[in-house]
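Architecture at a glance
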Amino acid sequence: MFRSIFLSLAVAANVNGQTLLEAISRIPSLSNFTAFYRDNAPFANAWLGNTSNYPITFLAPNDEAFASYQARNGLSLTSLSPATLLALLQYHTLVSSLSKDNLTNDGGRAGNTVPTMLTAQNNNRSVGISLAARFGGPQRASGQVVFIRASESNSNRFLLSRQNGLPQSSIRSGLSSDLGLLALEGDQGMWDGGRFHIVDGLLTPPQLCARTIRNANLTSLDNALNRTRLWPSLDGSKNVTCLGPSNEAFIRAGSPDSKLNETALSDAILFHTLPEVAYSDYLYNGQEFRTLQNGTVRVRVEGEGQGRSVWFNNAKLINANVL
């Protein structure tokens, strides 16, 4: 498999004239990834060879990310199969060259959805017109996404960002995994194929809806989907957004997951399912969706930035972009 994907690193050089390996080797906190890159250079260069048609942004895992993975899984990152490693590298690769300002300036939308190079794994979505327009067309924007947002001012994660006097951001990947993101400024984060920034963990590729809902501990919704036998349809459907009620919401509604009959419960779930992908940064006040139950859900947006609040009808959004 390694031989089949070994390509030489061939990326048009810009004024910086340094490879990614040369650039990351200058960052002390990236020593483990630098060693990984050097030890697996043909493999890493093969991955980068697939990005040579346009500049990219790589999210480089710092030493803390390597240590956390080792402690959590009892094995090193380098022990993963080539296919798994390639998918991880692709998911850490954003499809445009994005500066710190590109990442953190969200125009008051409380975050930015950004496509990655990971196109194959559980990617049950088509590219929307707006996302394609922002990232160079439907083909470039077709990969799994991450969601980037500025962290709250009182956050104490990712001390490296404060040591360098840089604002901290966070990045959300699959299973609602949130990591610290250190966005580098100026030449420090540039290389001849685009830019790179630093994350304090490994991104989690999105999973099937069943695993995502169970990972979020939405036990009442899980029970409702089991009773209605809607799991296969939900996991196999393309381009849907679930407005998943919390366990507390089910209780306030009188526990319909256990008390409604199957037909009424199915209708209720389909009313909470939108037939399109709706990332929070593309929602706007007054927007309307027709649900799979053929009902209407109206969006209300108040405020901007970290003070931005979103409602679907009268239900407040409490956890956005659970990928």
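Residues numbered from 1 in each chain as written. Predicted model: local features only at pLDDT ≥ 70, side-chain atom pairs only at ≥ 80, totals over all residues. Heavy atoms only, no water.

Here the focus is helix H5 (residues 63-73). Within H5, the full set of buried residues consists of Ala 65, Phe 66 and Tyr 69. Buried residues of H5, viewed axially, fall in a sector of 100°; they line one side. The inward-facing, buried residues of H5 abut helix H3 (31-39), strand S1 (56-61) and strand S8 (194-199). Its side-chain oxygen at 3.2 Å from the backbone nitrogen of Glu 64, Asn 62 defines the N-terminal cap of H5. (Buried < 20%, exposed > 50% of the residue type's maximum accessible area, 1.4 Å probe, protein only. Helix = DSSP H or I, 4+ residues; strand = E, 2+ residues; numbered from the N terminus. Arc of directions from axis to C-beta. Contact = heavy atoms within 4.5 Å. Polar contact = N/O pair within 3.5 Å; in protein donor to acceptor, adjacent residues only side chain to side chain.)

Here we come to the nonpolar core. Ranked by internal contacts, the top residues of the largest apolar core, which has 54 residues, are Leu 20, Trp 47, Ile 171 and Phe 196. Counting residues per element, this core draws most heavily on helix H6 (residues 82-91), at six residues. With residues near it in sequence (within four places) discarded, Ile 171 still touches Leu 59, Val 146, Phe 147, Ile 148, Ser 177, Asp 178, Leu 179, Leu 181, Val 199 and Leu 203. Counting twelve residues, the second-largest nonpolar core is a separate cluster that includes Ile 213, Leu 225, Leu 230 and Leu 265. (Core = buried A, V, L, I, M, F, W, Y, C linked by side-chain atoms within 4.5 Å.)

Right, let's talk about the environment of Leu 182 for a bit. Structurally, the position occupied by Leu 182 is in strand S6 (residues 177-182). Expressed as a C-alpha distance, the spacing of Leu 182 and Ile 171, which sit eleven residues apart in the sequence, is 9.9 Å.

To continue, consider the side chain of Ser 246. Its place among the elements puts Ser 246 in the loop between strand S9 (241-242) and helix H13 (247-252). Here Ser 246 falls in the buried class, since its relative accessible area comes to 15%. Ignoring any residue separated from it by four or fewer positions in sequence, one finds Ser 246 in contact with Leu 218 and Ile 318.

A full pass over the atoms with the stated rule returns eight salt bridges. The salt bridge involving Asp 178 is made with Arg 172; its shortest N-O contact spans 3.0 Å. What makes Asp 178 partly exposed here is its relative accessible area of 30%. We note a salt bridge from Arg 229 to Glu 262, for which the minimum N-O separation is 2.8 Å. A residue pair is termed long-range when its members are at least 10 positions apart, and Arg 229 in the loop between helix H11 (219-228) and helix H12 (231-236) and Glu 262 in helix H15 (residues 262-271) qualify at 33 residues. (Salt bridge = Lys/Arg side-chain N within 4 Å of Asp/Glu carboxyl O.)

So, on to the side chain of Arg 195. Summarising the element assignment, Arg 195 is placed in strand S8. Buried charged residue Arg 195 carries no salt bridge. Nearest counter-charge: Asp 187, at 7.0 Å. The contact partners of Arg 195, leaving out residues within four places of it in the chain, are Ile 56, Thr 57, Phe 58, Ser 97, Leu 98, Ser 99, Gly 186, Gly 189 and Met 190. (Lys, Arg positive; Asp, Glu negative; His and termini not counted.)

In this section: the pairing of strand S13 (residues 309-312). Both faces of S13 are covered, namely the face carrying Ser 309 and Trp 311 and the face carrying Val 310 and Phe 312. Summarising the sheet, strand S12 (residues 296-302) and S13 pair through four bridges and their orientation is antiparallel. Residue pairing in the sheet places Val 301 in a bridge with Val 310 of S13. Here S12 folds back onto S13 in antiparallel fashion, the turn holding six residues, of which Gly 303 has a positive phi close to 80°. Relative to strand S14 (residues 315-316), S13 is paired through two bridges, and the arrangement is antiparallel. Bridge pairing in S14 links Phe 312 to Ala 315. (Pairing = 2+ DSSP bridges.)

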